[in-house]
Each structure stands twice: as structure tokens, then as C-alpha cells.
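# Examining the three-dimensional arrangement
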Amino acid sequence: MPKPEFRFKRFTIRQDRCALKVGTDGVLFGAWVNYTDAQRILDIGTGTGVLALIAAQRNDTAWIDAVEIDDASAEQATENAAASPWPDRVRVHRMDVRRMTATEPYDLIICNPPYYAGYSTSPDERIGLAKHSGELLFPELIDAVDRLLAPEGKLAVIVPLNREMEFLMEARRVALLPLRRCSVRYVAHRPPKRVLLELSRSGGAVEEATLTVEATGPFDYTPEYRALISDLMLNF
């Protein structure tokens, strides 16, 4: 059972009231994103607030807006941001990103989206919204990004490998093209299951990479994974 509190080196996530808890996907994705030169960052579907706080740690000048549709999760993410070292730079908004407007566009949008379309949905309605595309579908996410992203801005997401082409087709519809791509294996002897993507409207030669989390089994983390998250996680 997930713990009610998840401690990082520089901040703590309280998650007992959040629909989804801190997991490997969110941590490795947050650590992989390139935050350089982004002064305005948007985290869509922030959940616990973990991605917004990783962004604040990795970029010490950016302003970060985090949006969350679930009331309890938004409330707890707000508390997590307030208790962090960056309360003045991270703002959590309880809202539906499909209805969001912004006075200024964002340099970077990050999202760990709900992506299990076609799978059995969770009996817990809140988890279903957070995890199973019950609310935010890929086309709706892309439409929101197209509306909110600066012309030279970047979008970073994590999606299942078997839905990568579906996501890229939607992104191409608004001229968002991949710049970086990293396929993720959770254990070395198993096939990749996730893909990390960075896209922009300019596109270019795609920087390809792979990442393996565990070499042989639980807690046998690879050097590459340890290096990626060493500034974030305790005991790394």
C-alpha cells in the first residue's frame, strides 16, 4: 500500500488524499525533462504536484502553473507546493485544462497524461479520471497544448509505447514534432513499456535514447537511472 508521505531530498509529497500516488513513471519523467531556458512552465494534471516541484528544483527561476481537475488532489498539491522550498514560484489551480486560458503562453508544458484508453477502467471514479482517459483524451490534450504553448515552446510527455504512434499523429495535427525520444524498460530482460517524448513546432533531428530502470529485479537500479534521479531521491 502506498505511504501517505513520499520524501524527496528537497521536498516532501503528502499524498493520502490524492487519486494517484507518486510512482516510477512520474519521477523518471520529471527527471528526464529538459527545463533549461523555460521561464513559464505548465504542468497539466499535476496530481500530487510532484512534477511541478521537480520542475521548480531543476529550474530555479521559472514560474510554474500546475492544473488539476480533482478537488482533493488539487488541494493537497497546493499544500505540497506551499510546504516546499518554492512556494512563491509554484501555483496550483483546480481547473479543467480544456477550459484554461492564459495571458501569456508557456515555454514548456509537461504532462503525465491519463492514457489507458480501451482498458478496463478503475472502479474508483477518481482514479479512473486520473489514469484511464475518462476525462482528458489525447486530442483534447493536444488542443489545449496548441492553445497554451508559445510558438517556440516545447511539450514533454510520457506515454505507453503501444500508444506512441496515436499520440504523435495527434501532435502532428497541430504541427508538433518530436525532438527527443527515450524508450523505457523497467527491467533489463523485459521489452520497453513507456516512451518519453519532447516535441516542438520546429521539429528537427530526433535525439534517440533508451533507459533501463532495474538491471535484474527490484531495487537493483541501473547506473543510468541512479544518475538521472540522484539529485531528487533519498538514498541515491
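Presented here is an overview of the structure given in this document. In this text the structure is predicted, and so the values were computed from the model without any measurement.

## Side note on the overall build of the protein chain
Summing up its helical and strand segments, the protein chain has seven helices and 10 strands in all. Over its C-alpha atoms the protein chain spans a radius of gyration of 17 Å, differing by no more than 12% from the 18 Å that the globule rule assigns to 236 residues. Over its C-alpha atoms, taken along the principal directions, the protein chain stretches across nearly 45 × 40 × 40 Å. Within the protein chain, the fraction of its 236 residues that count as buried is 50%.

## Quick word on the packing of helix α5 (residues 138-148) against helix α6 (residues 164-173)
Axis separation between α5 and α6 bottoms out at 9 Å; the angle between their running directions is 35 degrees. Along this stretch, α5 crosses α6, giving a crossing that reads as right-handed. Of the residues in α6, those touching α5 at Phe138, Pro139, Leu141, Ile142 and Asp143 are Glu166, Phe167, Glu170, Ala171 and Arg173. A per-class count over the contact of α5 with α6 returns six nonpolar, no polar and four charged.

## Overview of the environment of Leu199
Tracing the backbone through its elements, the reader meets Leu199 in strand β9 (residues 194-200). Residue Leu199 is classed as buried on the basis of its relative accessible area of 0%. Sequence separation between Leu199 and Pro4 is 195 residues; the distance between their C-alpha atoms is 34 Å. In this structure, Leu199 is in contact with Gly153, Lys154, Leu155, Phe167, Leu168, Ala171, Leu176, Leu177, Pro178 and Leu179, ignoring residues within four places of it in sequence.

## Focus on the sheet that holds strand β8 (residues 177-187)
One open sheet accounts for eight strands, arranged β5-β4-β3-β6-β7-β9-β8-β10; its pairing is mixed. Pairing within the sheet leaves two strands with one partner each, and these edge strands are β5 (90-94) and β10 (207-214). With strand direction ignored, the average angle separating the axes of adjacent strands in the sheet is 15 degrees. Bridge count for strand β4 (residues 63-68) against β5 is five bridges, and the pairing is parallel. Within β5, the position partnered with Ile64 by the bridge is Val90. Strand contacts of helix α1 (residues 24-32): β6 (106-111), β7 (149-160), β8, β9 and β10, with the helix running at about 140 degrees to β8, the strand carrying the most contacts. Along the sheet, α5 makes contact with β3 (40-44), β6 and β7, crossing β7 at roughly 155 degrees.

## Some points on the packing of aromatic side chains
When we look at a pair of aromatic rings, we describe it by the centre distance and by the angle of the planes. Going through the model one piece at a time under the given rule, you end up with eight aromatic pairs. Taken together, a centroid distance of 5.9 Å and an interplanar angle of 70 degrees make the contact between Phe11 and Trp86 edge-to-face. One end of the pair, Phe11, is in the loop between β1 (5-7) and β2 (12-14); the other, Trp86, is in the loop between α3 (71-83) and β5, and 75 residues separate them in sequence. Between the aromatic rings of Tyr221 and Phe236, the centroid separation amounts to 5.3 Å while the plane-to-plane angle is 45 degrees, which identifies the pairing as tilted. Of this pair, Tyr221 sits in the loop between β10 and α7 (223-229) while Phe236 sits in the segment after α7, and the two are 15 residues apart along the sequence. Take Tyr221: its relative accessible area is 22%, and that puts it in the partly exposed class.

## With respect to the pairing of β3
As a general feature of sheets, a regular strand has side chains that alternate between the two faces. A large share of β3 lies buried, amounting to five of its five residues. Note that β3 and β4 share five bridges and pair parallel. Counterpart to Leu42 in the pairing with β4 is Asp65. For the crossover from β3 across helix α2 (residues 50-58) to β4, the handedness is right-handed. Judged from the four bridges that link them, β3 and β6 form a sheet pairing that is parallel. Each bridged residue has a counterpart across the sheet, and for Ile44 the counterpart in β6 is Cys111.

What counts as what
- Residues numbered from 1 in each chain as written.
- Predicted model: local features only at pLDDT ≥ 70, side-chain atom pairs only at ≥ 80, totals over all residues.
- Heavy atoms only, no water.
- Helix = DSSP H or I, 4+ residues; strand = E, 2+ residues; numbered from the N terminus.
- Rg over C-alpha atoms; globule rule 2.2 N^0.38 Å.
- Buried < 20%, exposed > 50% of the residue type's maximum accessible area, 1.4 Å probe, protein only.
- Axes fitted to C-alpha atoms, helices over the stretch in contact; angles between N-to-C directions.
- Left-handed = near helix turned anticlockwise from the far one by under 90°.
- Contact = heavy atoms within 4.5 Å.
- Nonpolar A, V, L, I, M, F, W, Y, C, P; charged D, E, K, R; others polar.
- Pairing = 2+ DSSP bridges.
- Phe/Tyr/Trp six-rings, centres within 6.5 Å; stacked < 30°, edge-to-face > 60°.
- Right-handed = clockwise from strand over helix to strand, strands pointing away.

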